[in-house]
Amino acid sequence: MTEVATARRSRITPEREAELYEAVLDLLREVGYDALTMDAVAARTKSSKATLYRQWGGKAELVAKAVRHTKPGGVGLSEIDTGSLRGDLHALTLRSDDCTMEQNSALMRGLAMAIHGNPDLLKAFKEHLIGPEMAEFRTVLQRAVDRGEVRPDNPAIDFVMHMMIGGFAARSMIDEQPPTQAFLLSYIDAVVLPALGSPRD
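Residues numbered from 1 in each chain as written. Predicted model: local features only at pLDDT ≥ 70, side-chain atom pairs only at ≥ 80, totals over all residues. Heavy atoms only, no water.

Describing helix α4 (residues 49–56)
Consideration 1: When we look at burial in α4, the residues that qualify are Leu52, Gln55 and Trp56. Within α4, the buried residues cover an arc of 75 degrees as seen down the axis, which keeps them to one side.
Consideration 2: One or two positions beyond α4, positive phi appears at Gly57, with a value near 85 degrees. (Buried < 20%, exposed > 50% of the residue type's maximum accessible area, 1.4 Å probe, protein only. Helix = DSSP H or I, 4+ residues; strand = E, 2+ residues; numbered from the N terminus. Arc of directions from axis to C-beta.)

See the structure below:
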């Protein structure tokens with residue numbers, strides 16, 4: 001029975017899956033999470049609702065996986081290895097251009113509001129986005145510790161992801177501007193690396 005279910009869930013090709021995720025994000029930008037329906041996703045992607053539910057189980061998991069799939073931030077972060085923590089964090093930042101960052105910032109602001117009133121969405125985000133990204137960051141930071149760039153007992157290690165998200169989110173809230181590569185690179189050098197006691201050059 002499990003083999004049959006797995007086979008059913010794997011029928012969608014990676015290319016088709018990517019198309020579906022892009023369509024989901026487009027709809028999210030248009031109507032927001034609460035107004036997004038599986039009917040709308042099915043219509044936009046010319047899919048059946050049965051296929052969507054069989055593949056993703058529901059709206060929360062579909063949205064979380066769509067964000068995860070199209071977000072350069074954590075996907076493959078641990079594969080970046082420039083030889084220094086500064087180089088790794090800069091390389092991560094440079095994966096998204098300013099236009100993409102602006103789009104993602106607006107999208108994540110809307111989803112952050114939705115998460116507060118949707119336990120299923122929070123659970124899906126923790127499982128498919130937050131948990132994997134934290135694991136990626138831990139791998140990158142452990143390499144920095146192994147290289148001697150960061151002391152293993154530095155308390156800031158546990159808050160690197162908080163700092164990165166904070167800088168990304170605060171740019172819009174405080175400066176009323178979207179995050180940019182230049183801003184985030186400066187933020188990493190001025191805030192994140194000093195907190196970790198890591199070299200900035």
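Structural notes on the pattern of salt bridges
Consideration 1: Within the structure shown, the criterion is met by 14 salt bridges.
Consideration 2: In this structure, the salt-bridge partner of Arg44 is Glu30, at a minimum N-O distance of 2.9 Å. Residue Arg44 is located in helix α3 (residues 38–45), and its partner Glu30 is located in helix α2 (residues 14–31); the two are separated by 14 residues in the primary sequence.
Consideration 3: With a shortest N-O distance of 2.5 Å, Glu149 and Arg147 are connected by a salt bridge.
Consideration 4: Residue class for Glu149 comes out buried when judged on its relative accessible area of 14%.
Consideration 5: Taken together, the salt bridges that share partners define one network made up of Asp81, Asp88, Arg143, Arg147 and Glu149. (Salt bridge = Lys/Arg side-chain N within 4 Å of Asp/Glu carboxyl O.)

Things to note about the environment of Ala40
Consideration 1: Secondary-structure assignment places Ala40 in helix α3.
Consideration 2: A relative accessible area of 26% means that Ala40 is categorised as partly exposed.

Quick look at the packing of helix α8 (residues 119–147) against helix α9 (residues 160–175)
Consideration 1: α9 packs onto α8 with a crossing angle of 115 degrees between their chain directions and a minimal axis gap of 10 Å. Classified by the angle their axes make, α8 and α9 are roughly perpendicular. Side by side, α8 and α9 meet where Ile130, Glu133, Met134, Phe137 and Leu141 of the first sit next to Val160, Met161 and Met164 of the second.
Consideration 2: Classifying every residue of the contact of α8 with α9 gives 7 nonpolar, no polar and 1 charged. (Axes fitted to C-alpha atoms, helices over the stretch in contact; angles between N-to-C directions. Parallel < 35°, antiparallel > 145°, perpendicular 65-115°, else oblique. Contact = heavy atoms within 4.5 Å. Nonpolar A, V, L, I, M, F, W, Y, C, P; charged D, E, K, R; others polar.)

Some points on the side chain of Thr93
Consideration 1: Counting through the fold element by element, Thr93 comes out in helix α6 (residues 85–93).
Consideration 2: Residue classification places Thr93 among the buried residues on the basis of a relative accessible area of 5%.
Consideration 3: Among residues more than four places away in sequence, those in contact with Thr93 are Met101, Gln181, Leu184, Leu185 and Ile188.

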